[in-house]
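Okay, here's what each chain looks like letter by letter:
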Amino acid sequence: MLPLQARTVELWRERNPELDTSPMEVVALVKRVRVLLDRAVEDLYDGAALTIAEVELLVPLRHADEPVTAARLAARLGMSRAGISKTLAKLEKRGLITRAANPADRRAALIRMTPEGEEVIDDLFPRELEAHGRLLAGLGADRERVVEALTRFAEAMEAQLEE
(Lines give C-alpha, C1' and ligand atoms only; values in the text may rest on other atoms or scores of the structure.)
Protein backbone atom coordinates (compact mmCIF):
# COMPACT_ATOMS: atom_id res chain seq x y z
CA MET A 1 0.00 0.00 0.00
CA LEU A 2 1.26 3.48 -0.78
CA PRO A 3 2.24 5.62 2.27
CA LEU A 4 -0.62 8.10 1.78
CA GLN A 5 -3.14 5.26 1.47
CA ALA A 6 -1.76 3.57 4.58
CA ARG A 7 -2.00 6.85 6.51
CA THR A 8 -5.58 7.36 5.32
CA VAL A 9 -6.55 3.88 6.52
CA GLU A 10 -4.81 4.52 9.83
CA LEU A 11 -6.68 7.81 10.35
CA TRP A 12 -10.04 6.23 9.58
CA ARG A 13 -9.32 3.39 12.03
CA GLU A 14 -8.31 5.86 14.75
CA ARG A 15 -11.38 8.03 14.35
CA ASN A 16 -13.88 5.25 13.65
CA PRO A 17 -12.55 1.91 14.97
CA GLU A 18 -15.75 0.05 14.08
CA LEU A 19 -15.44 0.94 10.39
CA ASP A 20 -14.18 -1.87 8.15
CA THR A 21 -11.53 -0.15 6.04
CA SER A 22 -10.36 -3.36 4.35
CA PRO A 23 -12.15 -2.58 1.03
CA MET A 24 -9.94 0.50 0.68
CA GLU A 25 -6.89 -1.66 -0.01
CA VAL A 26 -8.48 -3.47 -2.96
CA VAL A 27 -10.24 -0.42 -4.38
CA ALA A 28 -7.08 1.70 -4.16
CA LEU A 29 -5.13 -0.94 -6.08
CA VAL A 30 -7.80 -1.17 -8.79
CA LYS A 31 -7.77 2.60 -9.18
CA ARG A 32 -3.97 2.61 -9.29
CA VAL A 33 -3.96 -0.04 -12.05
CA ARG A 34 -6.53 1.97 -14.05
CA VAL A 35 -4.36 5.08 -13.81
CA LEU A 36 -1.29 3.13 -14.93
CA LEU A 37 -3.16 1.63 -17.90
CA ASP A 38 -4.27 5.11 -18.95
CA ARG A 39 -0.76 6.51 -18.53
CA ALA A 40 0.63 3.76 -20.77
CA VAL A 41 -1.47 5.01 -23.69
CA GLU A 42 -1.57 8.72 -22.87
CA ASP A 43 0.87 9.72 -25.62
CA LEU A 44 -0.90 7.46 -28.10
CA TYR A 45 -4.22 9.27 -27.61
CA ASP A 46 -2.74 12.76 -27.51
CA GLY A 47 -4.05 14.20 -30.78
CA ALA A 48 -5.45 10.83 -31.95
CA ALA A 49 -8.59 10.52 -34.06
CA LEU A 50 -10.36 8.65 -31.24
CA THR A 51 -10.65 8.81 -27.46
CA ILE A 52 -10.08 5.83 -25.18
CA ALA A 53 -13.85 5.58 -24.61
CA GLU A 54 -14.51 5.57 -28.36
CA VAL A 55 -11.97 2.81 -28.92
CA GLU A 56 -13.54 0.71 -26.16
CA LEU A 57 -16.86 1.04 -27.98
CA LEU A 58 -15.50 0.40 -31.47
CA VAL A 59 -13.37 -2.66 -30.66
CA PRO A 60 -16.35 -5.05 -30.27
CA LEU A 61 -17.95 -3.55 -33.38
CA ARG A 62 -14.88 -4.01 -35.55
CA HIS A 63 -15.32 -7.71 -36.29
CA ALA A 64 -19.02 -8.09 -35.50
CA ASP A 65 -20.68 -10.41 -38.02
CA GLU A 66 -23.94 -8.50 -37.84
CA PRO A 67 -25.11 -5.07 -36.71
CA VAL A 68 -25.25 -4.48 -32.96
CA THR A 69 -27.71 -2.46 -30.87
CA ALA A 70 -26.69 0.21 -28.38
CA ALA A 71 -28.31 -1.78 -25.57
CA ARG A 72 -26.20 -4.82 -26.42
CA LEU A 73 -23.04 -2.71 -26.52
CA ALA A 74 -23.91 -1.09 -23.19
CA ALA A 75 -24.45 -4.48 -21.56
CA ARG A 76 -21.29 -5.96 -23.03
CA LEU A 77 -19.13 -3.01 -22.01
CA GLY A 78 -20.79 -2.31 -18.66
CA MET A 79 -21.61 1.24 -19.71
CA SER A 80 -24.78 3.26 -19.40
CA ARG A 81 -27.10 3.45 -22.40
CA ALA A 82 -26.93 7.23 -22.21
CA GLY A 83 -23.13 7.20 -22.38
CA ILE A 84 -23.17 4.75 -25.29
CA SER A 85 -25.77 6.80 -27.13
CA LYS A 86 -23.79 10.02 -26.72
CA THR A 87 -20.58 8.39 -27.96
CA LEU A 88 -22.36 6.73 -30.89
CA ALA A 89 -23.81 10.08 -31.96
CA LYS A 90 -20.31 11.57 -32.07
CA LEU A 91 -18.94 8.60 -34.02
CA GLU A 92 -21.81 8.73 -36.49
CA LYS A 93 -21.34 12.46 -37.02
CA ARG A 94 -17.67 11.80 -37.89
CA GLY A 95 -18.62 9.02 -40.32
CA LEU A 96 -17.06 6.17 -38.32
CA ILE A 97 -20.31 4.26 -37.76
CA THR A 98 -23.79 4.10 -39.26
CA ARG A 99 -27.07 3.59 -37.48
CA ALA A 100 -29.98 2.08 -39.38
CA ALA A 101 -33.56 1.32 -38.45
CA ASN A 102 -34.04 -2.06 -36.81
CA PRO A 103 -36.93 -3.90 -38.48
CA ALA A 104 -37.42 -6.04 -35.35
CA ASP A 105 -37.56 -3.05 -32.96
CA ARG A 106 -38.00 0.51 -34.21
CA ARG A 107 -36.65 1.90 -30.92
CA ALA A 108 -33.25 0.20 -31.31
CA ALA A 109 -30.99 1.19 -34.19
CA LEU A 110 -28.59 -1.28 -35.78
CA ILE A 111 -25.00 -0.10 -35.59
CA ARG A 112 -22.22 -0.92 -38.05
CA MET A 113 -18.73 0.43 -38.56
CA THR A 114 -17.96 2.27 -41.77
CA PRO A 115 -14.80 1.55 -43.75
CA GLU A 116 -13.41 4.82 -42.34
CA GLY A 117 -14.12 3.61 -38.80
CA GLU A 118 -12.44 0.29 -39.52
CA GLU A 119 -9.37 2.06 -40.83
CA VAL A 120 -9.08 4.28 -37.76
CA ILE A 121 -9.54 1.43 -35.27
CA ASP A 122 -7.20 -0.85 -37.24
CA ASP A 123 -4.51 1.79 -36.87
CA LEU A 124 -5.02 2.78 -33.25
CA PHE A 125 -6.05 -0.38 -31.38
CA PRO A 126 -2.97 -2.50 -32.21
CA ARG A 127 -0.79 0.33 -30.92
CA GLU A 128 -2.82 0.43 -27.68
CA LEU A 129 -2.36 -3.32 -27.28
CA GLU A 130 1.37 -2.93 -27.83
CA ALA A 131 1.59 -0.23 -25.15
CA HIS A 132 -0.37 -2.33 -22.68
CA GLY A 133 1.75 -5.36 -23.58
CA ARG A 134 4.91 -3.46 -22.68
CA LEU A 135 3.33 -2.43 -19.38
CA LEU A 136 2.37 -6.03 -18.54
CA ALA A 137 5.67 -7.58 -19.65
CA GLY A 138 7.00 -7.40 -16.11
CA LEU A 139 4.47 -10.02 -14.98
CA GLY A 140 6.38 -12.77 -16.74
CA ALA A 141 5.31 -16.21 -15.55
CA ASP A 142 2.86 -14.65 -13.04
CA ARG A 143 0.62 -13.39 -15.84
CA GLU A 144 -1.64 -16.46 -15.80
CA ARG A 145 -2.11 -16.22 -12.03
CA VAL A 146 -2.95 -12.53 -12.31
CA VAL A 147 -5.56 -13.26 -15.00
CA GLU A 148 -7.07 -16.01 -12.83
CA ALA A 149 -7.18 -13.72 -9.79
CA LEU A 150 -8.72 -10.85 -11.74
CA THR A 151 -11.31 -13.20 -13.23
CA ARG A 152 -12.22 -14.40 -9.75
CA PHE A 153 -12.34 -10.77 -8.56
CA ALA A 154 -14.70 -9.71 -11.37
CA GLU A 155 -16.93 -12.76 -10.91
CA ALA A 156 -17.21 -12.17 -7.15
CA MET A 157 -18.24 -8.55 -7.68
CA GLU A 158 -20.74 -9.49 -10.41
CA ALA A 159 -22.31 -12.09 -8.11
CA GLN A 160 -22.71 -9.49 -5.36
CA LEU A 161 -24.34 -7.00 -7.71
CA GLU A 162 -26.74 -9.64 -9.02
CA GLU A 163 -28.03 -10.41 -5.51
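Structure: above.
What counts, and where the lines are drawn
Residues numbered from 1 in each chain as written. Predicted model: local features only at pLDDT ≥ 70, side-chain atom pairs only at ≥ 80, totals over all residues. Heavy atoms only, no water. Patch = residues over 30% accessible without salt bridge, like charges linked within 9 Å, V, L, I, M, F, W, Y side chains within 5 Å. Areas by Shrake-Rupley, 256 points an atom, 1.4 Å probe, with all protein chains shown as cover. Salt bridge = Lys/Arg side-chain N within 4 Å of Asp/Glu carboxyl O. Lys, Arg positive; Asp, Glu negative; His and termini not counted. Charge placed at Lys NZ, Arg CZ, Asp CG, Glu CD. Helix = DSSP H or I, 4+ residues; strand = E, 2+ residues; numbered from the N terminus. Buried < 20%, exposed > 50% of the residue type's maximum accessible area, 1.4 Å probe, protein only. Polar contact = N/O pair within 3.5 Å; in protein donor to acceptor, adjacent residues only side chain to side chain. Contact = heavy atoms within 4.5 Å.

Chemist: Explain a negative patch on the surface to me, using residue names and the numbers behind them.
Modeler: A surface patch of negative charge is lined by Glu155, Glu158, Glu162 and Glu163. You can see Glu158 is positioned in helix 7 (residues 143-162).

Chemist: An account of the environment of Asp65 is needed here, citing residue identities and associated values.
Modeler: Here Asp65 shows up in the loop between helix 3 (52-62) and helix 4 (70-77). When the C-alpha atoms of Asp65 and Arg94 are compared, they prove to be 22 Å apart, with 29 residues separating the residues in sequence.

Chemist: Can you tell me about a nonpolar patch on the surface, naming the residues and giving the values?
Modeler: Together, Trp12, Leu19 and Met24 make up a nonpolar patch on the protein surface, roughly 270 Å² of accessible area in all. By the secondary structure assignment, Trp12 is in helix 1 (residues 3-15). The exposure class assigned to Trp12 is partly exposed, which follows from its relative accessible area of 45%.

Chemist: Lay out the side chain of Thr21 with the relevant residues and their values.
Modeler: Locating Thr21 in the fold gives a position in the loop between helix 1 and helix 2 (22-45). Reaching out from Thr21, the side chain makes a polar contact with the side chain of Arg13 at a distance of 3.1 Å. Leave out the neighbours within four places in its chain, and Thr21 touches Val9, Trp12 and Arg13.

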